[in-house]
Amino acid sequence: MPQNRATLMCIAALLMAGCGGAMDEATAEPATTESASQALYPEYDPDIHCLVSSQYVSCRSGPTMYAYYSPDWGYYINRDVCGRNGPLICPLY
């Protein structure tokens with residue numbers, strides 16, 4: 001019985017090793033030119049966001065809301081990030 005278990009373990013290892021391998025260049029996904037931060041964060045929009053001086057804002061109800069970062073704009077965050085629980089992040093128009 002131990003020999004069968006060892007044989008099964010070897011077969012499983014061979015099957016798992018056989019799943020990898022080089023991809024054909026024709027089926028490979030093209031490289032993206034966009035940086036990871038640009039893909040994760042929304043673009044700065046003055047109608048939705050406002051600029052803040054640090055990487056986070058503390059709301060009165062307790063949570064800390066983290067700001068987005070752009071090399072062009074600096075830190076920015078959604079205008080309504082704290083909802084009714086303030087503080088007022090952006091001046092009202």
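Since we're looking at a predicted model, the values are computed, not measured.

**A short note on the overall build of the protein**
For the protein, the helix and strand inventory stands at two helices and five strands. Each helix and strand of the protein, ordered N terminal to C terminal, gives the series α-α-β-β-β-β-β. Burial analysis of the protein (93 residues in total) assigns 17% to the buried set. In the protein, 46% of the contacts between residues at least 6 apart in sequence involve partners at least 24 apart. As displayed, the protein has an accessible area near 8000 Å², and 57% of this comes from carbon and sulfur atoms.

**Structural notes on the packing of aromatic side chains**
By the definition in use, this model includes six aromatic pairs. Ring centres of tyrosine 44 and tyrosine 76 lie 5.4 Å apart, and the angle between their planes is 75 degrees; on these two criteria the pair is classed as edge-to-face. Pair noted here: tyrosine 44 is in the loop between α2 (36-40) and β1 (49-51) and tyrosine 76 is in strand β5 (residues 74-78), with a separation of 32 residues, a long-range link. Judged by relative accessible area, which is 3%, tyrosine 76 ranks as buried. These aromatic residues form a ring-pair network of at least three members: Tyr41, Tyr44, Tyr68, Trp73 and Tyr76.

**Side note on the environment of serine 54**
Here serine 54 shows up in the loop between β1 and β2 (56-58). Take serine 54: its relative accessible area is 29%, and that puts it in the partly exposed class. What serine 54 contacts, discounting residues up to four positions off in sequence, is Ala67 and Tyr75. Of the polar contacts made by the side chain of serine 54, one reaches the backbone oxygen of tyrosine 56; its length is 2.9 Å.

**Focus: the sheet that holds strand β4 (residues 68-70)**
As summarised here, the arrangement of the three strands in space is β1-β5-β4, forming an open sheet in which the pairing is antiparallel. The two strands at the open ends of the sheet, each matched to only one other strand, are β1 and β4. Strand-to-strand, the axes of this sheet are offset by a mean angle of 35 degrees, without reference to chain direction. With three bridges connecting them, β1 and β5 associate as antiparallel partners. Pairing of cysteine 50 across the sheet is with isoleucine 77, part of β5.

Rules used throughout
- Residues numbered from 1 in each chain as written.
- Predicted model: local features only at pLDDT ≥ 70, side-chain atom pairs only at ≥ 80, totals over all residues.
- Heavy atoms only, no water.
- Helix = DSSP H or I, 4+ residues; strand = E, 2+ residues; numbered from the N terminus.
- Buried < 20%, exposed > 50% of the residue type's maximum accessible area, 1.4 Å probe, protein only.
- Contact = heavy atoms within 4.5 Å.
- Areas by Shrake-Rupley, 256 points an atom, 1.4 Å probe, with all protein chains shown as cover.
- Phe/Tyr/Trp six-rings, centres within 6.5 Å; stacked < 30°, edge-to-face > 60°.
- Polar contact = N/O pair within 3.5 Å; in protein donor to acceptor, adjacent residues only side chain to side chain.
- Pairing = 2+ DSSP bridges.
- Axes fitted to C-alpha atoms, helices over the stretch in contact; angles between N-to-C directions.

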